[in-house]
Amino acid sequence: MSATLGIALVPLAYAAQRDSPQSEAAGVQELMARVGPPSDVALDDFKKAGMEEIRPHTLTASERAKMEAVLASLPDLTRHVLEKKLHTLAFVDGVPGEGTGLTSESAKTGLYDITLRASLLDESLSTFLTTKERRVFTADGSGLTVAVKGIGTDALTYVLLHESTHVVDRSCSITSAPHSRVIQGIWTSPHSMVPQLASSAAAATYFRGGRPLGFGQAATVYDALAQTPFVSLYATASEQEDLAELVAWREVMKQHGGNLIIEVSNARGETVRRWEPLTFPGVQKRFADVDDMLTSQETCSGLS
């Protein structure tokens, strides 16, 4: 990918307290300076995935203002890591609604590019989540359907929380650390769960390489999910996606007063079953680990 920008790096002195308004504003402007065109490698990756109409998107003034607000809402740890490790933040047109973007390592070792589809800038979180979730299911004559409601923020905020957590994870060796608290007892390798979770109906969906399930099986899948430590079906894809989902939803709940609601409705549009994954006992227990991770000076103590 393209060569790194000339970046003035700041010390990673976030501790448990929040940044001062002045340092937060400076950090946001530091990151906004890295918003620019996507790398050639990122464009090639999209095209290899069949997205031939992919093209760079230049932010309008209002879109830049929205982007600044989202960056300002990120956890202090995340913003500090991005200040050190983000190479470019880019937007592209021509990505289908099911696609989101990618986080990839820049040609400059240790720096990362985040490339997102531009339509996220004007998309509701519920639309984004429902489109993604329906990849798990297929029509089966039951008349049932699944909808996911994301409350409290928009798709852009959620997606940037998720993608930036990948940068934090890789930069601070969170999921790869031996006996990592956030994955201990859940994952045995990046893509393998402990046996009791691997046998769950929630671990046999499209997001783990399974075939699409009939909508009639949705209740069984979500009842199973409620008995796991995963905040979403997508979190079962890998330990990295698990962490990104967990951090994103913790911040949506804590910073934006948000919620995640999954509903199964019948052919008349009546809700027949409902789940709120942020209240699942296994998820609630892990949120405390996320809070500790985001505020501990030890999380990225080796980042230089």
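The rules behind the values
- Residues numbered from 1 in each chain as written.
- Predicted model: local features only at pLDDT ≥ 70, side-chain atom pairs only at ≥ 80, totals over all residues.
- Heavy atoms only, no water.
- Helix = DSSP H or I, 4+ residues; strand = E, 2+ residues; numbered from the N terminus.
- Buried < 20%, exposed > 50% of the residue type's maximum accessible area, 1.4 Å probe, protein only.
- Contact = heavy atoms within 4.5 Å.
- Pairing = 2+ DSSP bridges.
- Axes fitted to C-alpha atoms, helices over the stretch in contact; angles between N-to-C directions.
- pLDDT = per-residue confidence, 0-100.

Draft legend 1. Layout of the environment of Ala-248. Here Ala-248 shows up in helix H9 (residues 239-256). In this structure Ala-248 comes out as buried when scored by relative accessible area, which is 0%. With 174 residues separating them along the chain, Ala-248 and Leu-74 place their C-alpha atoms 9.6 Å apart. Contacts of Ala-248, omitting those with residues within four sequence positions, involve Tyr-158, Leu-161 and His-162.

Draft legend 2. Broad picture of the sheet that holds strand E11 (residues 271-275). Spatial strand order, E6-E10-E11: 3 strands in an open sheet with antiparallel pairing. The open sheet terminates on both sides in strands that have one partner only, identified here as strand E6 (145-151) and E11. Sheet twist, expressed as the average angle between the axes of neighbouring strands with direction ignored, equals 25°. Sheet topology places E6 next to strand E10 (residues 259-265); 7 bridges connect them, and they run antiparallel. Counterpart to Gly-150 in the pairing with E10 is Leu-260. Packing against the sheet, helix H8 (residues 218-225) makes contact with E6, E10 and E11, and its axis sits at approximately 20° to E11.

Draft legend 3. Representation of the confidence of the model for the protein in the model. Within the protein, residue pLDDT values average 89, and 91% of them lie at 70 or more. A low-confidence stretch, residues 1-17 stays under pLDDT 50, and its non-local contacts, those more than four residues away or across chains, total 49 contacts.

Draft legend 4. Local environment of the sheet that holds strand E1 (residues 55-57). Across the sheet, 4 strands lie side by side as E1-E2-E4-E3; this open sheet has mixed pairing. Each edge of the sheet is formed by a strand with only one pairing partner; in this case those strands are E1 and strand E3 (101-105). If you compare each strand with its neighbour and ignore which way they point, the axes differ by 35° on average. Direction of pairing for E3 relative to strand E4 (residues 112-117): antiparallel, over a ladder of 5 bridges. Of the residues in E4, the one forming a bridge with Ser-104 is Asp-113. Contacting strand E2 (86-93) and E4, helix H4 (residues 76-85) crosses the sheet at an angle of about 95° to E2.

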